[in-house]
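# Residue-level structural notes
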Amino acid sequence: MSTRDEYVRKMHSLLDKGNAEIDALAARMEHAEAGARDAYQKQIATLRVRQDDARVKLESLRNASEGVWQDMKAGVELAWDAIGEAIESARSRLGK
């Protein structure tokens, strides 16, 4: 297995974990006050869009030539960092 394949597998695993966390946040959101629920729904929708964008970048990285994938790796990591920060923000607003 190549280093790229290992990296893609690792990032897919992280994205799956992030998706599970988003699902947990969505479940907690259902118990939030009605007025706050709309804001939480928007934030969760944004998280899902970021997840989708990160998956697209990861697939592009998987299909990139050997010389290009290392350069693309930084974009995938930035996308994952943004998702992680957004999940933490949502988690702190909804309470752990």
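This write-up is about the structure you can find in this document. (Residues numbered from 1 in each chain as written. Predicted model: local features only at pLDDT ≥ 70, side-chain atom pairs only at ≥ 80, totals over all residues. Heavy atoms only, no water.)

## A word on the overall build of the protein
Across its full length, the protein carries three helices and zero strands. The linear arrangement of helices and strands in the protein, starting from the amino end, is α-α-α. Burial analysis of the protein (96 residues in total) assigns 32% to the buried set. For the protein, restricting intrachain contacts to residue pairs at least 6 apart in sequence, the fraction spanning at least 24 positions comes to 74%. Distance between charge centres in the protein, computed from 16 positive and 17 negative side chains, equals 3 Å. (Helix = DSSP H or I, 4+ residues; strand = E, 2+ residues; numbered from the N terminus. Buried < 20%, exposed > 50% of the residue type's maximum accessible area, 1.4 Å probe, protein only. Contact = heavy atoms within 4.5 Å. Lys, Arg positive; Asp, Glu negative; His and termini not counted. Charge placed at Lys NZ, Arg CZ, Asp CG, Glu CD.)

## Observations regarding the packing of aromatic side chains
A ring pair, where both rings are aromatic, is described by two values, the distance of the centres and the angle of the planes. Per the stated rule, a full pass over the model turns up one aromatic pair. Between Tyr7 and Trp69 the ring centres are 6.0 Å apart and the planes differ by 45°, which places this aromatic pair in the tilted class. With Tyr7 in helix α1 (residues 3–29) and Trp69 in helix α3 (residues 66–94), the pair connects residues that are 62 residues apart, well separated along the chain. Comparing Tyr7 with Trp69, the two get one shared label, buried. Its guanidinium or amino end placed over the ring of Tyr7, Lys73 lies 5.0 Å from that ring's centre, counting from NZ or CZ. (Phe/Tyr/Trp six-rings, centres within 6.5 Å; stacked < 30°, edge-to-face > 60°. Lys NZ or Arg CZ within 6 Å of the ring centre and 35° of its normal.)

## Overview of the environment of Arg91
With respect to the helices and strands, the residue Arg91 is situated in helix α3. C-alpha separation for the pair Arg91 and Ala34, spaced 57 residues apart in sequence, amounts to 18 Å.

Interpretation note: all reported values are geometric properties and have no functional meaning in isolation.
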